[in-house]
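Report on the structure
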Amino acid sequence: QNAHYVYFENSSSNPYLIRRIEELNKTANGNVEAKVVCLFRRRDISGNLNTLADSNAREFEEESKQPVLAEQQKHQLKHRELFLSRQFESLPATHIRGKCNVTLLNETDVLAGYLEKEDCFFYSLVFDPVQKTLLADQGEIRVGSKYQAEIPDKLAEGESDNRIQEKLETKVWDPNNQLKDPQIDQFLVVARAVGTFARALDCSSSIRQPSLHMSAAAASRDITLFHAMDTLQKNSYDLAKAMSTLVPQGGPVLCRDEMEEWSASEAMLFEEALEKYGKDFNDIRQDFLPWKSLASVVQFYYMWKTTDRYIQQKRLKAAEADSKLKQVYIPTYTKPNPNQIMVPGSKPGMNGAAGFQKGLSCESCHTAQSPQWYAWGPPNMQCRLCASCWIYWKKYGGLKTPTQLEGESGPRGHMTRQELLAKNRQTFILQTTKLTRIARRVCEDILQPRRAARRPYASINANAVKAECTYTHTHTSAVPSLSDDLSQFFICSQATGVPYPANGRPYTSGMRTTSQSVIKRQKVSQGEAPNPVVFVATKDTRSVLHLPPIYQCSPP
């Protein structure tokens, strides 16, 4: 039975969910719900588990000798990796947005091949959402040098094989024997006849196969033929000796396989367990058939698949599933996505789509032309994606190229809440005026810029600065331009109504007014910290720094 993997949409702005449909059920109100198995992306698991997944991926690449991939291919390959889980949930069938293909990764796969196919994903680990663990899938196909024999080079012509064959293998049949094919066929018929007779003599077999026809059919199974051919090999293909071996003195030899060893009630238990657990033979044996060995359960399964019972059940299940699907109607989803940025002249978009700046490029591929744009990321960032990159984002849960906004610097491949809060704050630039720059030079002993830089949360005594500027203003007649600037600064300060010291003398370094409160150092969390403030020095500022000392207005 082929598994059906589909995309589910639970948010207009988030990537699709990838789920495996187990069954479709019609609710009492007429809606259709899908019982699904959850699969998770890398962006859904923690950073520690991503590190574990990276280590597992490196081991796989080394063991399978994968070709070297470019950085962008490695980035996109992480979007194709999923993690299976044992978690089930029910989702409305109307949220299905399309089909996809998910396969178990094995050593014969080439990873680059997944990038060449649309809607193709792979998984190799199982994620437990409760325990927060990643484990290898028990259904792993064991292919590779660890599990298969390495075939030695072919012997050269004339070179003898010095290995001891008895230690390497056991011969069970020699095709170059002295018997002809008709003789072998006759012996197999005799073996089946002996098997039928042996079942007639056995009381338990007569209950299981009450008719001669059923006994003959059971005697014609592979176990009887294997016993006959093994008997010929052990007797060096001597028909007379082989015949006497088939019917020893104690009576004819009865060979039975698992189909005969199991009772009807045990077969019913197995079918019930298979319906519940699928091909998880460990759970089947543990919960339903603990008195059977695991090898016996596996052998019975593959023999059971050759019976009419299996074919009938398979047809019945297919008919039931087809009947359910025919009763389910899932309308095509045609509603526009609210993240669409509407073109001028049309109805305004939703979710902050209106008012986007012109000239913005795609956040992923950086193209400036697209038939349709979509808002992406925080609304105030005004980021957008083109139509192609938007489909990629919805299907694969990432951008085609690594970007800072997507959070590729972190192990999770997407931003945490704290990173998102920090990114939402717009970067801004403060440019100082000439008056502020002059005050820095005139009142350097009060401001103490180096000390203030180490204490960003300590307040500056503005009254002391203004008093120092006033005092310096009366001694700057030698510098007319500087005197004019200080006069303007003094007039602006007077207009603010800020009081000066009563004695008219400037505050010295370290003085504090009574109204000035002591500012303690504040601890700011990562999420509340704003982006760095950038100060750009103008030409005037740089020119003042190179003035002769007499023009730098140091107080006398």
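The rules we used
- Residues numbered from 1 in each chain as written.
- Predicted model: local features only at pLDDT ≥ 70, side-chain atom pairs only at ≥ 80, totals over all residues.
- Heavy atoms only, no water.
- UniProt positions renumbered as here; feature names shortened; annotations may be inferred.
- pLDDT = per-residue confidence, 0-100.
- Contact = heavy atoms within 4.5 Å.
- Buried < 20%, exposed > 50% of the residue type's maximum accessible area, 1.4 Å probe, protein only.
- Helix = DSSP H or I, 4+ residues; strand = E, 2+ residues; numbered from the N terminus.
- Phe/Tyr/Trp six-rings, centres within 6.5 Å; stacked < 30°, edge-to-face > 60°.
- Lys NZ or Arg CZ within 6 Å of the ring centre and 35° of its normal.
- Pairing = 2+ DSSP bridges.
- Salt bridge = Lys/Arg side-chain N within 4 Å of Asp/Glu carboxyl O.
- Axes fitted to C-alpha atoms, helices over the stretch in contact; angles between N-to-C directions.

By the naming in an unreviewed UniProt entry, the protein chain is Metastasis associated 1 family, member 2, taken from Scophthalmus maximus. Heading Sequence similarities (unreviewed entry) of the UniProt record for the protein chain holds this comment: "Belongs to the metastasis-associated protein family." The UniProt entry for the protein chain carries this comment under Subcellular location (unreviewed entry): "Nucleus".

1. Quick look at the confidence of the model for the protein chain
On average, residues of the protein chain carry a pLDDT of 76, and 72% of them reach 70 or more. In the model, residues 346-357 has pLDDT below 50 throughout and makes 17 contacts with residues more than four positions away in sequence or in other chains. For the stretch residues 489-529, pLDDT sits under 50, and the model shows 57 contacts to residues farther than four places along the chain or on other chains.

2. Some details on helix 15 (residues 387-396)
Burial of helix 15 is extensive: 7 of the 10 residues sit out of reach of the surface. Taken as a whole, helix 15 has its buried residues at Cys 389, Trp 390, Tyr 392, Trp 393, Lys 394, Lys 395 and Tyr 396. Each element contacted by the buried residues of helix 15 is listed here: strand 1 (4-8), strand 2 (17-26), helix 2 (71-80), strand 6 (120-128), strand 9 (373-376) and strand 10 (383-386).

3. Here's the deal with the packing of aromatic side chains
Inspection of every chain in the model, using the stated rule, returns 19 aromatic pairs. Aromatic pair Trp 304 and Tyr 310: ring centres 5.2 Å apart, planes at 70°, arrangement edge-to-face. Here Trp 304 falls in the buried class, since its relative accessible area comes to 5%. Taken together through their ring pairs, the aromatic side chains of Trp 262, Phe 270, Phe 281, Phe 300, Tyr 301, Tyr 302, Trp 304 and Tyr 310 make up a single cluster. One Lys or Arg, Arg 80, reaches over the ring of Tyr 396 and ends 4.2 Å from the middle of that ring. Between the NZ or CZ atom of Arg 384 and the centre of the ring of Trp 373, over which it lies, the distance is 3.8 Å.

4. Section: the pairing of strand 2
Here strand 1 pairs with strand 2 via 5 bridges, running antiparallel. Note on strand 2: the bridge partner recorded for His 4 is Ile 21. Pairing of strand 2 with strand 3 (residues 32-40), which is carried by 8 bridges, proceeds in the antiparallel orientation. By the bridge assignment for strand 3, Lys 26 is matched with Val 32. Hairpin connection, strand 2 to strand 3: the antiparallel pair is bridged by 5 residues, and Gly 30 has positive phi, about 95°.

5. Focus on the pattern of salt bridges
Going through the model one piece at a time under the given rule, you end up with 12 salt bridges. Glu 71 is paired through a salt bridge with Lys 74; the nearest N and O atoms lie 3.9 Å apart. On the criterion of helical spacing, the pair formed by Glu 71 and Lys 74 is a turn pair, its members being 3 residues apart in helix 2. Given the relative accessible area of 61%, Glu 71 is considered exposed. Judged by its relative accessible area of 38%, Lys 74 falls in the partly exposed class. Notably, a salt bridge pairs Asp 161 with Arg 163, separated by 3.0 Å at the nearest N-O pair. For Arg 163, a relative accessible area of 48% puts it in the partly exposed group. Through salt bridges with shared partners, a single network forms among Glu 9, Arg 97 and Lys 394.

6. Quick word on the pairing of strand 7 (residues 133-136)
Sheet analysis places strand 6 next to strand 7, joined by 4 bridges and oriented antiparallel. The residue of strand 7 that forms the bridge with Val 126 is Leu 135. Turn length for the strand 6-strand 7 hairpin, with the two strands adjacent in sequence and antiparallel, is 4 residues, and the turn residue Lys 132 shows positive phi of about 60°.

7. With respect to unusual backbone geometry
Backbone geometry at Lys 65 places phi at a positive 55°, although glycine is not the residue there. Mapped onto the elements, Lys 65 comes out in the loop between helix 1 (47-64) and helix 2. A positive phi is found at Ser 236, a non-glycine position, where the angle reads about 55°. By the element assignment, Ser 236 lies in the loop between helix 8 (222-234) and helix 9 (239-246).

8. Some details on the environment of Ala 439
Within the secondary structure, Ala 439 sits in helix 17 (residues 434-442). What makes Ala 439 buried here is its relative accessible area of 8%.

9. Overview of the sheet that holds strand 10
Taken in spatial order, the 3 strands make up an open sheet running 8-9-10, and their pairing is antiparallel. At either end of the open sheet lies a strand with only one pairing partner, and these are strand 8 (340-341) and strand 10. Relative to strand 10, strand 9 runs antiparallel, the two sharing 4 bridges. Its bridge partner lying in strand 10, Trp 373 is registered against Cys 386. Running over the sheet, helix 15 touches strand 9 and strand 10 and is turned about 95° from strand 10.

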